[in-house]
Amino acid sequence: MPSRIRLLDEAVANQIAAGEVIERPASVVKELIENSLDAGATRIEVEIEQGGRDLIRVTDDGCGMGRDDALLCLERHATSKVRSAQDLFAVRTFGFRGEAMPSIASVSEFRLRTAEPGAVGGTELLVRGGRVESVREIGVPPGTQVEARRLFFNLPGRRKFLRSPATEYGHIEHLVRVYAASHPSVAWRLRADARPVIELPATESHERRVRDLFGEPFAEALVPVRSSGTCAIRGWIGRPGIHRASRADELWFVNGRPVDNRTLYHAIREAFRASMPRGRHPVALLFVDVPSDSVDVNVHPAKREVRFRDAESVRAAVAAAIGRALAGGAPDAPPSPAPAAPQIAAATPPEPPFPHTGQPSNFFALSPASAPRQIPVEIPLPLHVPSADPAGETDSPIPPDAPPAKLRVLGVAAGSLIVAESEQGLVIIDQRAAHERVLFESLVRQRLGGAVASQQLLSPETLELGPREASLLRRLAPQLRAAGLDIHDFGRNTFKIEAVPPFVSPGSAPALVRDVIADIEKSGAPGARRHLDDEDILRAICHRTIHSGESLKGPEIERLIEDLHRCDLPYTCPRGRPTMILIGSRELRRRLGRAG
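Description of the structure in this document. (Residues numbered from 1 in each chain as written. Predicted model: local features only at pLDDT ≥ 70, side-chain atom pairs only at ≥ 80, totals over all residues. Heavy atoms only, no water.)

Some details on the environment of Leu-190
Formally: Under the DSSP-based scheme used, a helix requires at least four consecutive residues in state H or I and a strand at least two consecutive residues in state E, with every element numbered from the N terminus. What makes two residues a contact is simply this: any of their non-hydrogen atoms within 4.5 Å.
Note that Leu-190 resides in strand S7 (residues 187-192). With 18 residues separating them in the primary sequence, Leu-190 and Ile-172 have C-alpha atoms 9.3 Å apart. Leaving out residues up to four positions away in the same chain, Leu-190 has contacts with Val-46, Ile-172, Glu-173, Val-176, Arg-195, Pro-196, Val-197 and Ile-198.

Some thoughts on the sheet that holds strand S1 (residues 43-49)
Cut-off, in case you're wondering: DSSP-based pairing: two strands are paired if at least 2 bridges between them are found. Each axis is a line fitted through C-alpha atoms, taken for helices only over the stretch in contact, and angles between the N-to-C directions span 0 to 180 degrees.
Strand order in the open sheet formed by eight strands is S5-S4-S3-S6-S2-S1-S7-S8, and the pairing between neighbours is mixed. What marks the edges here is a single partner per strand, and that holds for strand S5 (131-138) and strand S8 (195-200). Mean inter-strand twist for the sheet, computed between neighbouring axes without regard to direction, equals 10 degrees. Relative to S8, S7 runs antiparallel, the two sharing five bridges. In the strand pairing of S8, Arg-189 is matched with Glu-199.

A look at helix H9 (residues 262-271)
Worth spelling out the cut-off: Partly exposed residues are those whose accessible area sits between 20% and 50% of the maximum for their type, while under 20% is buried and over 50% is exposed, using a 1.4 Å probe and protein chains only. Here a polar contact means two N or O atoms within 3.5 Å. Within protein one must be a hydrogen donor candidate and the other an acceptor candidate, and residues neighboring in sequence count only if both atoms are side-chain atoms.
Residues of H9 that are buried include every one of Thr-263, Leu-264, Tyr-265, Ala-267, Ile-268 and Ala-271, and no others. For H9, the side-chain oxygen to backbone nitrogen distance between the N-cap and Thr-263 is 3.0 Å, and the N-cap itself is Asn-261.

Observations concerning empty space enclosed by the protein
Applied cut-off: Of the grid points, spaced at 1 Å and generated over the protein atoms alone, those admitting a 1.4 Å probe that cannot get out make up cavities, while open sets with protein on both sides within 12 Å along at least five of seven lines make up pockets; any residue with an atom within 4 Å of a point is treated as lining. Grid points are joined across faces, edges and corners, and a volume is the space filled by probe spheres set on the points. Residue polarity is assigned by list, with Asp, Glu, Lys and Arg as charged and Ala, Val, Leu, Ile, Met, Phe, Trp, Tyr, Cys and Pro as nonpolar; anything else, Gly included, falls into the polar class.
Per the counting criterion, the structure on display carries two cavities of 30 Å³ or more. Here the largest cavity is characterised by a volume of approximately 40 Å³. Lining the largest cavity are Phe-214, Phe-218, Asp-249, Leu-251, Ala-284 and Leu-285. Here the lining of the largest cavity is composed, by residue class, of five nonpolar, no polar and one charged.

Quick look at the packing of helix H11 (residues 431-448) against helix H16 (residues 554-565)
Condition: If an angle is under 35 degrees, it is roughly parallel; if it is over 145, roughly antiparallel; if it lies from 65 to 115, roughly perpendicular; otherwise it is oblique. By convention the crossing between two helices is left-handed if the near helix lies anticlockwise of the far one by an angle smaller than a right angle, and right-handed if it lies clockwise.
In contact at an axis separation of 9 Å, H11 and H16 are set at 50 degrees when each is read in the N-to-C sense. It follows from the interaxial angle that H11 and H16 lie oblique. Note on packing geometry: the crossing formed by H11 with H16 is left-handed. Contacts from Gln-431, Ala-434, His-435, Arg-437 and Val-438 in H11 reach Leu-560, Asp-563 and Leu-564 in H16.

Comments concerning the packing of helix H2 (residues 25-38) against helix H6 (residues 165-182)
Close contact between H2 and H6 brings their axes to 9 Å; oriented N to C, the two are set at 20 degrees. The orientation of H2 with respect to H6, classified from their angle, is roughly parallel. Here H2 runs over H6; the crossing is right-handed. Between H2 and H6, the residues in contact are Pro-25, Ala-26, Val-29, Lys-30, Ile-33, Glu-34 and Leu-37 and Glu-168, His-171, Ile-172, Leu-175, Val-176 and Tyr-179, respectively. Each residue belonging to the contact of H2 with H6 can be placed in one class, and the counts come to nine nonpolar, one polar and three charged.

Things to note about the sheet that holds strand S10 (residues 232-238)
Pairing is mixed in the open sheet, where five strands are placed in the order S9-S10-S15-S12-S13. Two strands in the sheet have a free side with no partner beyond their single neighbour: strand S9 (222-227) and strand S13 (257-258). Relative to S10, S9 runs antiparallel, the two sharing six bridges. By the bridge assignment for S10, Arg-226 is matched with Arg-234. In the packing of H6 onto the sheet, contacts are made with strand S12 (250-254), S13 and strand S15 (284-289), and the angle to S12 comes to roughly 55 degrees. With respect to the sheet, helix H7 (residues 206-214) is in contact with S9, S10, S12 and S15, its orientation differing from that of S10 by roughly 35 degrees.

Describing the pattern of salt bridges
To keep it simple, the criterion reads: When a carboxyl oxygen of Asp or Glu lies within 4 Å of a side-chain nitrogen of Lys or Arg, that pair is called a salt bridge.
Inspection of the entire model under this criterion finds 37 salt bridges. Between Glu-147 and Arg-149 there is a salt bridge, and its shortest N-O distance comes to 3.0 Å. Ionic pairing is found between Glu-250 and Arg-269, a salt bridge with its closest N-O pair at 3.2 Å. Taken together, the positions of Glu-250 in strand S12 and Arg-269 in helix H9 put the pair 19 residues apart, joining distant regions of the chain. Residue classification places Arg-269 among the partly exposed residues on the basis of a relative accessible area of 24%. One continuous salt-bridge network, built from bridges that share partners, spans Glu-47, Arg-57, Arg-111, Arg-113, Glu-124, Arg-136, Glu-147 and Arg-149.

Remarks on the packing of aromatic side chains
The condition that has to hold: Within 6.5 Å between ring centres, the rings of Phe, Tyr and Trp (the latter by its six-membered ring) count as paired, and their orientation is classed by plane angle as stacked under 30 degrees, edge-to-face over 60, tilted in between. A ring has a charge above it when a Lys NZ or an Arg CZ is no more than 6 Å from the ring centre and no more than 35 degrees off the ring normal.
In this structure the tally under the stated criterion is one aromatic pair. Consider the rings of Phe-253 and Phe-287, whose centres lie 4.6 Å apart with planes at 15 degrees: the pair is stacked. One end of the pair, Phe-253, is in strand S12; the other, Phe-287, is in strand S15, with 34 residues separating them in the sequence. Assessed through its relative accessible area of 2%, Phe-287 is described here as buried. Geometry around Trp-236 places Arg-226 over its ring, the cationic atom sitting 5.7 Å from the centre. Looking at Arg-247, its charged tip hangs above the ring of Tyr-265, at a distance of 4.0 Å from the centre.

Side note on the pairing of S7
Residues in a regular strand project their side chains so that they alternate between the two faces of the sheet. Here six bridges tie S1 to S7, and the two strands are oriented parallel to one another. Bridge pairing in S7 links Glu-47 to Arg-191. Where S7 hands over to S8, the hairpin turn is made up of two residues, of which Asp-193 adopts a positive phi near 55 degrees.

Focus on the nonpolar core
For clarity, the threshold we go by: The definition of a nonpolar core used throughout is a set of buried Ala, Val, Leu, Ile, Met, Phe, Trp, Tyr and Cys residues joined through side-chain atoms within 4.5 Å.
Counting 59 residues, the largest nonpolar core has Val-46, Phe-110, Leu-112, Val-176 and Trp-188 as its most contacted members. Tallying contributions element by element places H6 first for this core, with eight residues. Not counting residues within four places of it along the chain, the set of residues in contact with Phe-110 comprises Leu-74, Met-101, Ile-104, Ala-105, Leu-125, Leu-126, Val-127, Val-146 and Glu-147. Counting residues in hydrophobic clusters, the runner-up holds 31 residues, among them Leu-476, Phe-495, Leu-512 and Ile-541.

A few points about unusual backbone geometry
Phi at Ala-194 takes a positive value of approximately 65 degrees, unusual for a residue other than glycine. Residue position: Ala-194 is located in the loop between S7 and S8. Backbone geometry places Asn-255, a non-glycine residue, at a positive phi of 50 degrees. Here Asn-255 lies in the loop between S12 and S13.

Concerning the side chain of Asn-493
Residue position: Asn-493 is located in the loop between strand S24 (486-491) and strand S25 (494-500). Within the structure, the side chain of Asn-493 is placed 3.3 Å from the side chain of Arg-474, a separation counted as a polar contact. Beyond its immediate stretch of four places on either side in the chain, Asn-493 contacts Glu-173, Arg-177, Leu-463, Glu-464, Leu-465, Gly-466, Pro-467, Ala-470 and Arg-474.

This is how it looks when you write it as C-alpha cells:
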C-alpha cells in the first residue's frame, strides 16, 4: 500500500505555524515590538495603514543584524535566545521560539532592513508569501525595520475574517500602550494612516509614563503598590470605589511580560473582596517579578499565559501587597484586610443557621410599608407557580380567565425586595428589575416618537477611553445621541458629554457611558452584526442607571406596581431577569411541613 502520510511543504508548514502565532494585525505588531525590545532598542516606531491590514511597519534602533543573521532569522526555530532545553526554564527575553519572523513572512509581502552599529552597510530582504525574492546590501541606520504589507494576502479565508480597520486599529493602539506602560525608558511613536497617535519620549519616571499614557484623571485614582522579596510586586491599583464593568483596565506584567493569569486575577479579587461590588473589576497596573526559573512562559502559542511553579505563594504575596496598599492608601474607605496565608485551624462544631442572640435578625428584616393595604392592580401574576420539590407536582399554569390579582403589600425585605400577599400566595417583586422594565419601556416609547428627552449640562463632562472603547463609542455616538446622551469626539480618545437624559445625574455621566460601552463590548453585539438595535443601547443604559437604592415607602411601592402593570412585558427586566415571583400558598404550607 502506498504511504498516505507525507511531509508538508515548508511554505504550508509556515502558514500553519502562522495560524497559531499570527491571529490578527495586532499579533504581528506584538511579535515585532518584542523583537525590538529584546534587541535593546531605546526608540520604537510603529506605523500602520487600514488597521494593519494594508501595512505594518516597525522600526527600532536596536542592535540590528548582519547579512547571515538576517537570512537565518527567516528559518523556523532559528533564535539567538535559547541554546538548550534547559534555557526554556530561565527565559528572560520576550521571544525564544524563533517562529515569529518566518510566520509573518509566510502570510504577507515582507521586507526586512537591518544594520549593526558601526557596520559599513546594511541588508535588505524582500519576501513574498514565504519565498525570498531578493537580498541586497543597502545603506540604513543601525537597527531594524520590518514591514509587512497585505497581511494574509495568500490566505483569503483568513483575511476575510479580519475585523474592520477601526477595530483592528483599536487592538494595535491598546497593545502599544501596554508595552509603553511597562517600558518607560523607551521612546514610542505610533502613526495610523499617516496620523500621529502616540508620541512618548523616554523617561526614567514610571509614574510620568502612566500619566502621559492614561491621563491625569486615571493616574490620580491610583494607589501605589510596593512589596519586595522573592515575589516582588510594584505598580498601582485603583482606589476602592474605582472599578470597571470589564477587565480592560486591569493590566498584569510578569518579569516585564504582559500576561493573562488566573492566579493573579484571583489574588486581586481576594484583596478587593470587601470593597468592590460583585461583577465589577478593579483598575490595576501591576508588575510581578519572580526568579525566571519559577515561571514557565512556554505554555501558550502566543506567549500570553504563564504558569507559576508555586502559584499559591504568588497568590498570597500579591493579595497581601494589594491589601496593604488598600489599607494605607484609602483613608476615606473601609480598608480591605490583608489576606493571610491559609492556616489549618482546629475543628469547631458548626454554628446553628439562626443563632439566638436576643436581638432581632437583620438578615431578612421586613420593613413595614406604612399600613398594609390592598392595591387592586389588574396585572396577572407569573404564569407558573414554582415548586421547590423536584419530586413534587408539576407547575400548574394560572388560568387565562383568572380574576385580577389584588396585592396587599406587607413590606420590604433585604432592602429592595417588595413583599406582597395575594389570594394565590406570596408575591416578591424585585424593586430594581421592576424599575428597569418601567424605565426601558418609557425610553422605547420616547425613541419611537423621535428621540429620548435630554437636558444640557451647564458644564460638559469629559471622558477618556482606551482605543477599543473609543472606537466603539465613535460608532455608537449617533444612537447614544438619540437615546439622550449627547457625546462629541474631542480628539485623542477624549470625548465631551454635553447632554444627558433627565434621570441621569450629571456627575455620573462619564461612569454611565463607560459602563454602557463595556456592557455592549462584553455582549459581543458589535462583532455579531454591523448595526446595533436602538433597544440594545436603551437596555444597557437602563441596566447601568438603575441601582437598588433605598427602600420604597407605601405610595412609592403602589406607583411602581401600577407603572409595571402598564408595561407591555411586566414579568421580566430588559435583560430577561424576573421582576417578580409567586410562591404559592400550597408551596408555603409544604415548606413549613403543613398538610393540605
